[in-house]
Protein chains: 2
Amino acid sequence: MSQIQSSNQGSIEKKQFGCDCERCDLRDLFFDHVDDTILAEICSSKEENNYEKGDLIIREGEDLINFIYLRSGLVKLYRTDKEGKSQIIKIGKPLDFVSLLSVFSDTMHKYSVTALEHSVTCSIKLSRIIELAKENGEFALNLMQKMSRVYDQIIIDFLEIRKKHLRGRTAHVLLFFADSVYKSNHFELPISRKEIAEFIGMTPENVIRTLSEFRKDSLISINGKQIAIIEKKKLLMISEHG
Amino acid sequence: MSQIQSSNQGSIEKKQFGCDCERCDLRDLFFDHVDDTILAEICSSKEENNYEKGDLIIREGEDLINFIYLRSGLVKLYRTDKEGKSQIIKIGKPLDFVSLLSVFSDTMHKYSVTALEHSVTCSIKLSRIIELAKENGEFALNLMQKMSRVYDQIIIDFLEIRKKHLRGRTAHVLLFFADSVYKSNHFELPISRKEIAEFIGMTPENVIRTLSEFRKDSLISINGKQIAIIEKKKLLMISEHG
DNA sequence: ATCATGGTATGATAACTATCATACAAATAT
DNA sequence: ATATTTGTATGATAGTTATCATACCATGAT
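These notes cover the structure that comes with them.

The rules we used
- Residues numbered from 1 in each chain as written.
- Chains lettered and ligands numbered in written order.
- Predicted model: local features only at pLDDT ≥ 70, side-chain atom pairs only at ≥ 80, totals over all residues.
- Heavy atoms only, no water.
- Helix = DSSP H or I, 4+ residues; strand = E, 2+ residues; numbered from the N terminus.
- Contact = heavy atoms within 4.5 Å.
- Phe/Tyr/Trp six-rings, centres within 6.5 Å; stacked < 30°, edge-to-face > 60°.
- Buried < 20%, exposed > 50% of the residue type's maximum accessible area, 1.4 Å probe, protein only.
- Lys NZ or Arg CZ within 6 Å of the ring centre and 35° of its normal.
- Buried area = accessible area lost by both parts, 1.4 Å probe.
- Salt bridge = Lys/Arg side-chain N within 4 Å of Asp/Glu carboxyl O.
- Pairing = 2+ DSSP bridges.
- Least-squares fit on C-alpha atoms with pLDDT ≥ 70 in both.

Quick look at the overall build of chain A
1) Next: Broken down by element type, chain A carries eight helices and 10 strands.
2) Next: In chain A, once contacts between residues fewer than 6 apart in sequence are set aside, the share between residues at least 24 apart is 69%.

Given below as structure tokens:
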């Protein structure tokens with residue numbers, strides 16, 4: 001998968017290690033404080049995996065062996081109970097440290113992760129990451145800060161969602177995809193109405209119904225999974241106060 | 001507040017540093033990997049604070065200057081919105097790392113903390129803790145693991161609560177106090193019905209009503225804030241399935 | 001091609017929960 | 001001591017949400 005190239009005098013400022021880590025968005029975050037020799041070693045030992053929409057990346061309960069992070073794509077982080085009902089905790093992009101969550105809190109994965117679109121992950125032996133963290137406090141502190149921010153955001157989102165009614169929750173999730181994921185008022189929903197329901201604590205019927213209401217009120221237009229936000233301000237008001 | 005004592009040949013196995021840190025429950029967790037000289041320095045620079053029931057320990061939005069941890073007592077961790085409505089995130093005991101949350105994710109406190117009974121906190125300059133974490137990866141990793149566990153538990157509790165109805169939520173909170181806090185089926189509620197409501201996403205009226213129902217069904221007995229759990233198995237079933 | 005399946009859609013109804021009103025006790029303030 | 005506020009308690013009602021039923025479409029399987 002990798003072979004060390006001694007030099008590369010291109011215009012790219014990032015250091016080169018003979019694999020494509022230098023083009024990885026997560027690289028800076030993780031490895032700013034790790035020295036180059038170690039970085040090259042990790043880089044060559046990492047395992048890259050491709051997943052298609054719907055593919056399971058991590059199954060809740062699996063042994064936590066690898067430190068898996070999302071390099072590109074979009075995933076859902078969720079839990080499933082004995083009756084088979086799922087609850088989505090987070091829709092994760094790269095830099096969101098999705099698969100990082102709970103990596104240090106247990107010996108098993110606490111959440112499942114499934115790809116919502118074509119996604120690429122990189123895996124590094126967790127034992128190696130833990131060694132690194134022990135050897136290198138700056139690296140550990142860096143990880144801790146990122147992880148803490150992700151956790152706090154999940155908590156705050158849960159609290160916000162809990163305060164809202166059907167319309168507010170539905171507006172919330174539409175604005176989340178528009179502003180935080182696709183940065184556009186026109187996008188294709190990466191999840192079904194049922195999954196939206198699992199994300200914001202509603203029933204699928206009510207998600208569908210509320211989306212239809214928004215359409216009838218000309219706040220959005222719907223074409224299958226294609227959503228266009230027409231009246232963003234009103235949607236924002238609904239998310240906040242209604 | 002402290003003066004170094006050179007030795008203490010008593011039966012206590014923990015090391016002595018001239019202040020009462022050696023009797024602190026949190027000591028092992030935090031400082032197992034920090035060497036004795038540093039420990040003594042921290043110990044003598046720490047600030048200990050006492051709070052009575054109802055006292056505000058941390059106000060959301062305050063600058064995050066100190067690393068404050070709960071040495072003894074019981075606290076609530078919560079957020080308050082513009083309309084003055086609060087949501088309780090966690091009831092925290094010592095070892096729960098309550099005040100630790102979000103310490104590394106921002107420059108401000110993200111949550112407020114108020115004492116629910118007489119509580120003692122210790123404060124250490126956050127900058128010193130960050131230095132320590134940078135210098136000492138084992139210490140940083142240790143912190144990260146503890147923090148991650150606390151966060152994961154909050155997420156899982158939120159998801160569980162979200163699945164339940166009024167009776168299930170109310171049973172959940174009673175069992176939480178009985179099993180996780182007081183380790184007894186007879187205890188005094190440290191919070192009001194209103195606060196229970198803020199904790200589990202209900203209205204105070206419905207908390208009161210549901211507690212009354214439980215009393216009428218002889219599942220519990222109520223005398224003001226004194227609660228005795230009579231039918232624990234039934235309460236457990238209600239928490240899980242109804 | 002046709003069948004089964006899952007997703008979307010909508011209405012009717014049942015179930016659940018919040019709100020409003022009222023009452024009273026307990027704690028706190030003046 | 002009395003007044004004010006806060007907490008507890010309960011009922012009636014309005015509002016919100018879930019469930020059930022049905023229908024249709026799109027997708028993938030045989």
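From this point, the discussion proceeds with the structure in view.
Details of the packing of aromatic side chains
Any aromatic ring pair is given by two values, namely how distant the centres are and how the planes are angled relative to each other.
1) Next: One pass over the structure, following the stated rule, counts 14 aromatic pairs over all chains.
2) Next: Ring centres of Phe177 of chain A and Tyr182 of chain A lie 6.3 Å apart, and the angle between their planes is 25 degrees; on these two criteria the pair is classed as stacked.
3) Next: Given a relative accessible area of 0%, Phe177 of chain A falls into the buried group.
4) Next: For Tyr182 of chain A, a relative accessible area of 27% gives the class partly exposed.
5) Next: Here the aromatic rings of Tyr182 of chain A and Phe187 of chain A are separated by 5.7 Å at their centres, their planes lie at 15 degrees, and the arrangement is stacked.
6) Next: On the basis of relative accessible area, Phe187 of chain A is assigned to the buried category, the value being 3%.
7) Next: Joined through ring pairs, the aromatic side chains of Phe176, Phe177, Tyr182, Phe187 and Phe199 of chain A make up one cluster.
8) Next: It is Lys76 of chain B that lies over the ring of Tyr78 of chain B; its NZ or CZ is 4.7 Å from the centre.
9) Next: In this arrangement the basic side chain of Arg162 of chain B is found over the ring face of Phe158 of chain A, its NZ or CZ atom lying 5.8 Å from the centre.

Looking at the interface of chain A and chain B
1) Next: Each side of the interface is counted separately: chain A has 38 residues, and chain B has 38 residues.
2) Next: Between chain A and chain B, roughly 3600 Å² of surface is buried when both sides are summed, and carbon and sulfur atoms account for 62% of that area.
3) Next: If you sort the residues of chain A by the area they bury against chain B, Gln87, Met144 and Arg162 of chain A come out on top, with a joint share of 18%.
4) Next: Scanning the region where chain A abuts chain B turns up two salt bridges.
5) Next: Between Asp81 of chain B and Lys163 of chain A there is a salt bridge, and its shortest N-O distance comes to 3.1 Å.

Quick notes on the pairing of strand S6 (residues 112-115) of chain B
All names here are of chain B.
1) Next: Both faces of S6 are covered, namely the face carrying Ser112 and Thr114 and the face carrying Val113 and Ala115.
2) Next: By the bridge criterion, two bridges tie strand S2 (residues 56-58) to S6 in an arrangement that is antiparallel. By the bridge assignment, Leu56 is partnered in S6 with Thr114.
3) Next: In this sheet, S6 lies alongside strand S4 (residues 75-80) in antiparallel orientation, the contact comprising four bridges. Residue Val75 lies in a different strand from S6, and its bridge partner there is Ala115.

Let's talk about the relation of the copies chain A and chain B
1) Next: Superposing chain A onto chain B requires a rotation of 180 degrees together with a translation of 0.0 Å along the rotation axis, leaving an RMSD of 0.0 Å. Considering both components of the superposition, the chain copies are consistent with a two-fold axis. Identified as the residue of chain A closest to the rotation axis by C-alpha distance is Gly137 of chain A, at 1.9 Å.
2) Next: Most of the interface of chain A is mirrored in chain B: 100% of its interface residues are interface residues there too.

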